[in-house]
Amino acid sequence: DSGVTQTPKHLITATGQRVTLRCSPRSGDLSVYWYQQSLDQGLQFLIQYYNGEERAKGNILERFSAQQFPDLHSELNLSSLELGDSALYFCASSAPGTSGGAVTDTQYFGPGTRLTVL
Amino acid sequence: AQTVTQSQPEMSVQEAETVTLSCTYDTSENNYYLFWYKQPPSRQMILVIRQEAYKQQNATENRFSVNFQKAAKSFSLKISDSQLGDTAMYFCAFFDYRNSGYALNFGKGTSLLVTP
């Protein structure tokens, strides 16, 4: 158990709908990352939040958005869903730190949310 | 662009044997971190081992060790005394700060099957 929790575990919805995925980071971690894992694209970074603020963006579609709340949990909102959005969505968290001049930020992953769009 | 390449899509090893999974990466940075993650059939992403680029000593975690060749940009994972529970997809990942914050760049993975 990594200490990162994600809900729901599974989500089945229809095209055009909107869903919200929730993530609670490990206790003390300030950073939350969202990744998408699909068969054709592999594991792709979507977005990172640090202590409530957006830190970095990856290959996140405009139909997707995220936020991190004051209690540090994060939500990923997916709207106007398409069949191709079916994937496993992971949340990861890390604690900031440096060692020898390099950033440490080891990321620990939650169990993922399996999204199926029909 | 920062890239991570795993050239072996599938590998098989017998129980108790040793297997090595390959990974190469491309970066212009000097300080960075490399990781191996394991994804068993449960789909959970589990950290196996990490390597700091500034350390010459190869990282070791029980039966898992790495061969880090910084000049060659190579980062292979050795699994000794393979166990059935090691059957999983293994992903090599590179910590890419310059181009995308602190996001991990993942390779496409190597599917490892441990047979009795």
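Note that the coordinates shown come from a computational prediction; the quantities given were computed from them, not determined experimentally. (Residues numbered from 1 in each chain as written. Chains lettered and ligands numbered in written order. Predicted model: local features only at pLDDT ≥ 70, side-chain atom pairs only at ≥ 80, totals over all residues. Heavy atoms only, no water.)

### Looking at the state of the cysteines
Evaluation of the coordinates by the stated rule reveals 2 disulfides over all chains. Across a sulfur-sulfur distance of 1.8 Å, Cys23(A) and Cys91(A) are joined as a disulfide pair. The S-S bond linking Cys23(A) to Cys91(A) shows a torsion near -50°; that makes this disulfide left-handed. One end of the pair, Cys23(A), is in strand β3 (residues 19-24); the other, Cys91(A), is in strand β9 (residues 87-94), and 68 residues separate them in sequence. When its relative accessible area of 0% is taken as the criterion, Cys91(A) is described as buried. The side chain of Cys23(B) participates in a disulfide bridge whose partner is Cys92(B); the two sulfur atoms lie 2.0 Å from each other. A torsion of -70° about the S-S bond marks the disulfide between Cys23(B) and Cys92(B) as left-handed. (Disulfide = S-S within 2.5 Å. Helix = DSSP H or I, 4+ residues; strand = E, 2+ residues; numbered from the N terminus. Buried < 20%, exposed > 50% of the residue type's maximum accessible area, 1.4 Å probe, protein only.)

### Brief notes about the confidence of the model for chain B
Here chain B shows a mean pLDDT of 91. Residues at 70 or above account for 93%. Mean pLDDT values over the elements of chain B span from 56, in helix α1 (residues 97-100) of chain B, up to 98, in strand β3 (residues 19-21) of chain B. (pLDDT = per-residue confidence, 0-100.)

### Regarding unusual backbone geometry
Negative phi characterises most residues that are not glycine, and trans characterises most peptide bonds. In this structure, the amide linkage connecting Thr7(A) to the following residue, Pro8(A), adopts the cis form with an omega of -10°. Turning to its location among the elements, Pro8(A) is positioned in the loop between β1 (5-7) and β2 (10-13). One non-glycine residue with positive phi stands out, namely Asn62(B), at about 55°. Structurally, Asn62(B) can be placed in the loop between β7 (60-61) and β8 (64-69). Classification of Asn62(B) as exposed rests on a relative accessible area of 75%. The backbone of Asp81(B) sits at a positive phi, close to 50°, despite the residue not being glycine. Within the secondary structure layout, Asp81(B) lies in the loop between β9 (74-79) and β10 (88-96).

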